[in-house]
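Next come the chains, spelled out residue by residue.
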Amino acid sequence: MIHNAPFKSIVHKDLSIEGYSRAAVQTYWRIPELKIGFDLGGQPWDFMGTPTWFVSHAHLDHLAALPVYVARRRMMKMEPPTIYLPAHAIEPVERILKLFTRLDRGRMPCDLRPIAPGDEIELSREHVVTVSATKHTVPAMGFVVWERRRKLKAEYGQLSGEQIRDLRLGGTEVTEERRLPRVAYLGDSAPEGLDACPTMYQAQILIMEITFVAPSHRKDKIHKFGHIHLDDVVERQSRFANELVIASHFSTRYSSKRIRDLVERALPNMLDGRLQLWL
Ligand SMILES: [Zn+2]
Ligand SMILES: [Zn+2]
């Protein structure tokens, strides 16, 4: 194993979350079981096998490793990856890849696809990703990964297997789709981005940013930069219905110990033990 970029991991039910995020340094997350990742601010060597990525916004600490990732997959003879990017970023990224090809003499095969808030992307028969707008200093998006299952419609619940089969053979749609939000990824955002997508509070796993934690860093200023302060989480603590909340993207102005101390002081029960700090 090559440890070129740090990451932590946690397993929750049937999903593993792997990643690392520090503001203005680098941000990358992936869920191997779903074969997707979020943000390409860095690229641990091990992450190259994940073929589909969603980039939340075009800040360098969320995007800089895109060419490296594309080139590695080509070098390792893997299929060209699919990378979803905010629409405005597609053309500049294509130009950047062309320039790297000129310097490096290596092709950069990849499928860049534009996304916008409201989009819905089918990952597979079982999984769909929805895109919501967040509030940041550049166009930015958050994502929810839904698991979908076909369930028998309630009105047919009392019927026998034979009756259901007959209905189905007669062309009646006896099932309907049910969706369960499994993972939400906020990306960078002021609290409005979280509030605008209530599913973020409902998803089993929420990966969110808390960039600022110190009382001396004022909330109003921070919101202008498009980030979340610990106080915002304290104000909203009753809304988090998630089974697991992973908080990351802390500012480099704080040591790990200071972050832990301030968060534990503000949220002594750590959202009933559901809040994990990734430092
Ligand atoms: Zn960031
Ligand atoms: Zn940013």
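Because the structure is predicted, anything quoted here is derived from the model rather than measured.

A closer look at the coordination of the zinc ion (ligand 1)
At 2.1 Å from the zinc ion (ligand 1) lie its protein donor atoms, namely His-62 (NE2), Asp-188 (OD) and His-249 (NE2). All donors of the zinc ion (ligand 1) belong to a single chain; written as a sequence motif, their spacing is H-x125-D-x60-H. In this model, the zinc ion (ligand 1) sits 3.4 Å from the zinc ion (ligand 2), the two metals being bridged by Asp-188. Taken together, the residues His-62 in helix α1 (residues 60–63) and Asp-188 in the loop between β11 (175–185) and α5 (191–195) connect sequence positions 126 residues apart. On the accessibility criterion, His-62 (0% relative accessible area) is buried. On the basis of relative accessibility, which here comes to 3%, the residue Asp-188 falls in the buried class.

Looking at the coordination of the zinc ion (ligand 2)
Looking at the zinc ion (ligand 2), one finds its protein donor set to be His-57 (NE2), His-59 (ND1), His-136 (NE2) and Asp-188 (OD), positioned 2.1 to 2.4 Å from the metal centre. Taken together, the 4 donor atoms coordinating the zinc ion (ligand 2) span angles of 91 to 171° at the metal, a pattern that classifies the geometry as irregular. Positions of the donor residues of the zinc ion (ligand 2), expressed as sequence spacing, correspond to H-x1-H-x76-H-x51-D. The class for His-136 is buried, based on a relative accessible area of 14%.

Focus on the nonpolar core
Of all hydrophobic cores here, the largest spans 32 residues; its most connected members are Leu-194, Met-208, Ile-210, Val-213, Phe-240, Val-263 and Leu-275. Residue assignment for this core shows that the elements contributing at least two residues are β10 (141–152), α6 (199–202), β12 (205–209), α8 (230–235), β13 (244–248), α9 (256–266), α10 (270–273) and β14 (275–277). With 3 residues, the single largest contributor to this core is α9. Sequence-distant contacts of Met-208, defined by excluding residues within four places in its chain, comprise Leu-186, Leu-194, Ile-228, Val-233, Phe-240, Val-245, Ile-246, Ala-247 and Ser-248. The next biggest cluster of nonpolar side chains, apart from the first, holds 24 residues, and it includes Ile-31, Ile-36, Ile-205 and Ile-246.

What to know about the sheet that holds β13
Across the sheet, which stays open at both edges, the 7 strands sit in the order β8-β9-β10-β11-β12-β13-β14 with mixed pairing between neighbours. Only two strands of the sheet have a single neighbouring strand rather than two, namely β8 (120–122) and β14. Adjacent strand axes in the sheet meet at a mean angle of 30°, parallel and antiparallel pairs treated alike. In this sheet, β11 lies alongside β10 in antiparallel orientation, the contact comprising 10 bridges. Residue pairing for β11: Lys-151 is matched across the bridge by Glu-176.

Considerations on helix α3 (residues 90–104)
Between its first and last C-alpha atoms α3 spans 21 Å; for 15 residues at 1.5 Å apiece the expected length is 21 Å, and the two agree. Listing the buried residues of α3 in full gives Ile-90, Val-93 and Leu-97. Buried residues of α3 fall within an arc of 65° about the axis and therefore sit on the same side. What points out from α3, more than 90 degrees from its buried face, is the exposed set Arg-95, Lys-98, Arg-102 and Leu-103. Positive phi appears at Arg-105, one or two residues downstream of α3, with a value of about 60°.

What counts and what doesn't
Residues numbered from 1 in each chain as written. Chains lettered and ligands numbered in written order. Predicted model: local features only at pLDDT ≥ 70, side-chain atom pairs only at ≥ 80, totals over all residues. Heavy atoms only, no water. Donors = N, O, S within 2.8 Å, 3.2 Å for Na, K, Ca; no water. Helix = DSSP H or I, 4+ residues; strand = E, 2+ residues; numbered from the N terminus. Buried < 20%, exposed > 50% of the residue type's maximum accessible area, 1.4 Å probe, protein only. Tetrahedral: all angles 85-135°; square planar, octahedral: opposite > 155°, others 65-115°. Core = buried A, V, L, I, M, F, W, Y, C linked by side-chain atoms within 4.5 Å. Contact = heavy atoms within 4.5 Å. Pairing = 2+ DSSP bridges. Axes fitted to C-alpha atoms, helices over the stretch in contact; angles between N-to-C directions. Expected span 1.5 Å × (residues − 1). Arc of directions from axis to C-beta.

These results come straight from atomic positions and should not be treated as a statement about function.
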